[in-house]
Amino acid sequence: MIDMHPPPAYIQIAQKPTPGAGQPLQLVPSQPPQPSSAPPASSAPPAPDQNQPPPPGDSQPERIEVTPLDVGRYLPPTATYATIIVTVVPPTGTVEIYTPGSEDSPVIFRGPKTAGEIRLNGPTAYVRLKNGATSYEVEYLSWREP
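If you're wondering where the values come from, they're calculated on a predicted model, not measured in any experiment.

In this section: the sheet that holds strand 1 (residues 66-70). Within the open sheet, the 4 strands sit side by side as 1-6-3-4. Their pairing is antiparallel. Across the chains shown, the open sheet's two edge strands, defined by having one partner strand only, are strand 1 and strand 4 (107-110). Averaged over all adjacent pairs, the angle separating strand axes in this sheet is 30 degrees, with direction ignored. One ladder, built from 5 bridges, connects strand 3 (residues 94-98) with strand 6 (residues 124-130); its direction is antiparallel. Within strand 6, the position partnered with Ile-97 by the bridge is Val-127.

Omega for the peptide link from Val-89 to Pro-90 comes to -10 degrees, which places this bond in the cis form. By the element assignment, Pro-90 lies in the loop between strand 2 (81-89) and strand 3. The linkage connecting Gly-111 with the following residue, Pro-112, adopts the cis geometry, with an omega of 0 degrees. Position of Pro-112 relative to the elements: it lies in the loop between strand 4 and strand 5 (113-119). In the Ramachandran plot, Asn-131 falls in the positive-phi region, its phi being about 55 degrees despite a non-glycine side chain.

The rules behind the values
- Residues numbered from 1 in each chain as written.
- Predicted model: local features only at pLDDT ≥ 70, side-chain atom pairs only at ≥ 80, totals over all residues.
- Heavy atoms only, no water.
- Pairing = 2+ DSSP bridges.
- Helix = DSSP H or I, 4+ residues; strand = E, 2+ residues; numbered from the N terminus.
- Axes fitted to C-alpha atoms, helices over the stretch in contact; angles between N-to-C directions.

As structure tokens, this is what we get:
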């Protein structure tokens, strides 16, 4: 019977030694060594640095930027509905589009590409980028007039 083993050179490449092998993984960076001439540390916690912003928490809501979308440039002023395709970058992001007066019920477009219909009541709609979306493109397919 024939034994199938890879050549020793391949094993040596695959088993490259790693520094600190056999030691526990450090998840927190170690503290720099204290100078020996420093007085003994007190039991009081150190004062926080005044230049650092406070950590994010429930008290600070996520800041969402709203940008206007000029639909009047591409559609007639009498259009009441528009069918559009929105391409979202990155594909895991989300774009919300709404018109004035319907801020509570936006049309949601999930990446990478989603088609949908938005109701229009003027030449401007508004866009919110959410879930990590950084940019978007709008393609106008059709519109409806009264």
